[in-house]
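Here's the letter readout for the chains.
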Amino acid sequence: MRGLIIIITMLFLGLQGCAPKAIDFEQTSPREKIVLTFSHVVSDASPKGRAARLWADLVYQRSGGRVEMKIYPNGTLYKDGEELEALKKGYVQIIAPATSKLTGLDERWGVFDLPFFFNDLEQVHQMADGPVGELLRKSMREMGIEVLAFWDNGFKILTADRPLKNLKDFQGLKIRIMDSPILKMQFLKLGAIPVPLSFNEVFEALENKKVNGSENTPSNLYSKKFYQLQSHVTVSNHGYLGYAVLMNRDYFNSLDQETKKILLETLKEVTAWQRKIALEQNAEDLARIRNDQNIKIHDLTPEEKEAWQAVLKPLVYEITPLFPKNLQSEILKIGNLN
């Protein structure tokens with residue numbers, strides 16, 4: 001009996017040790033060592049993964065080892081869909097989810113999901129770094145989340161078990177999406193069946209034919225080998241995928257000024273680098289996908305693109321009314337719709 005009590009006591013203590021630890025939000029001292037946990041769901045080899053590692057390395061160097069950032073890629077700590085709750089509860093300090101995933105907190109984040117809206121990344125940055133981005137930052141602060149930066153991945157292409165050229169090709173296609181109202185409407189308008197799935201579910205869903213299509217950037221398709229599970233790729237560049245680097249606001253405010261300065265000044269440099277390498281890596285990974293003899297590649301023709309645009313461009317009017325009047329014209333101007 002005594003042995004059983006000891007075993008039960010040890011199990012109880014073990015479970016306590018595994019429980020997430022709450023954060024002490026008292027102001028930190030510049031002399032104290034600070035350990036930050038950065039959780040994300042993509043590969044270390046992706047543009048986001050590489051930037052996270054660089055930021056951590058530079059912050060460690062510039063703080064003289066006082067600020068350490070531990071990176072957990074591939075959903076090893078918190079999976080897609082768990083990150084935001086973990087951040088809000090203080091179990092993790094930094095995450096960098098796709099902007100699409102923030103539409104559950106504020107539907108206006110869907111402005112970054114608008115199909116065929118941005119001609120290039122410069123227009124995306126104009127949106128993110130301007131008044132629209134600042135409004136979204138303010139909205140998140142009110143929910144206890146600090147937006148530290150906007151990172152790129154790039155423009156999305158399509159994979160499927162059939163060629164995707166004309167609108168009729170989408171009929172009945174079950175396509176994986178991130179859970180975003182604009183993305184749902186996008187594929188419904190094309191005649192497909194949108195299936196919201198978290199990132200960590202995508203490979204298995206494609207492998208088991210739960211879905212027969214997906215949209216993503218070349219770097220994600222290549223690093224996670226999603227493209228190898230499909231027979232066709234359509235280079236459509238129809239929509240943008242980017243990330244918001246987020247920190248728990250109470251924790252951010254608890255940091256001493258020296259630490260905040262190191263984190264933010266370093267992140268500004270890393271963000272400029274990240275945007276550059278994201279563009280380069282997507283081009284390189286698309287070339288690698290093109291070299292796979294088992295994949296049939298189709299580049300959307302101007303005529304096909306025009307037909308898709310005619311159906312999808314009006315989605316901008318689904319989201320602009322959610323913004324103040326002065327920002328509605330700003331959004332339409334960026335998308336050349338004024």
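Everything discussed here concerns the structure shown above.
Just so you know, these numbers come straight off a predicted model, no measurement behind them.

Chemist: What's the story with the sheet that holds strand S6 (residues 174-177) in this structure? I'm lost.
Modeler: Consider a sheet: its strands pair through backbone hydrogen bonds, and that pairing is either parallel or antiparallel. Spatial ordering of the open sheet is given by S7-S6-S8-S5-S9-S11, a layout of 6 strands whose pairing is mixed. The open sheet has two edge strands, strand S7 (193-196) and strand S11 (296-299), and neither has a second partner. The sheet shows a mean angle of 25° between the axes of neighbouring strands, taken without regard to direction.

Chemist: How should I be thinking about the pattern of salt bridges in this particular structure?
Modeler: Pairs may arise between side chains of opposite charge once their charged atoms sit close together. Considering all chains together, one arrives at 21 salt bridges under this definition. Taking the shortest distance from any N to any O, the salt bridge between Glu269 and Arg62 comes out at 3.0 Å. One end of the pair, Glu269, is in helix H10 (residues 257-290); the other, Arg62, is in helix H2 (residues 47-62), and 207 residues separate them in sequence. The partly exposed category is assigned to Arg62, whose relative accessible area is 41%. Members of the salt-bridge network, linked through shared partners, are Glu134, Arg141, Glu146 and Arg249.

Chemist: Just checking my understanding: could you explain the packing of H2 against H10 for this structure?
Modeler: The relative placement of two packed helices comes down to the angle between their axes together with the axis-to-axis distance. Interhelical geometry of H2 versus H10 gives an angle of 150° and a closest axis separation of 9 Å. As the angle between them shows, H2 and H10 are arranged roughly antiparallel. Viewed along their axes, H2 and H10 form a crossing whose handedness is right-handed. Counted together, Pro47, Lys48, Arg50, Ala51, Leu54, Trp55, Leu58, Val59 and Arg62 of H2 and Ile262, Leu263, Thr266, Leu267, Glu269, Val270, Trp273, Gln274, Ile277, Ala278 and Gln281 of H10 form the full contact between these two elements. For the contact of H2 with H10, the class distribution of residues is 13 nonpolar, 3 polar and 4 charged.

Chemist: I would appreciate a short explanation of helix H6 (residues 181-190) in the present structure.
Modeler: Counting along an α-helix, one turn takes 3.6 residues, and residues three or four places apart therefore face a common direction. Among all positions of H6, only Ile182, Leu183, Gln186, Phe187 and Leu190 are buried. Buried residues along H6 cover an arc of 125° about the axis, so they all sit on one side. If you follow the buried residues of H6, they end up packed against strand S5 (157-160), S6, S7, strand S8 (213-216), helix H11 (302-312) and helix H12 (316-319). Just beyond H6, the residue with positive phi is Gly191, at close to 95°.

Each value, and the rule that gives it
Residues numbered from 1 in each chain as written. Predicted model: local features only at pLDDT ≥ 70, side-chain atom pairs only at ≥ 80, totals over all residues. Heavy atoms only, no water. Pairing = 2+ DSSP bridges. Helix = DSSP H or I, 4+ residues; strand = E, 2+ residues; numbered from the N terminus. Axes fitted to C-alpha atoms, helices over the stretch in contact; angles between N-to-C directions. Salt bridge = Lys/Arg side-chain N within 4 Å of Asp/Glu carboxyl O. Buried < 20%, exposed > 50% of the residue type's maximum accessible area, 1.4 Å probe, protein only. Parallel < 35°, antiparallel > 145°, perpendicular 65-115°, else oblique. Left-handed = near helix turned anticlockwise from the far one by under 90°. Contact = heavy atoms within 4.5 Å. Nonpolar A, V, L, I, M, F, W, Y, C, P; charged D, E, K, R; others polar. Arc of directions from axis to C-beta.

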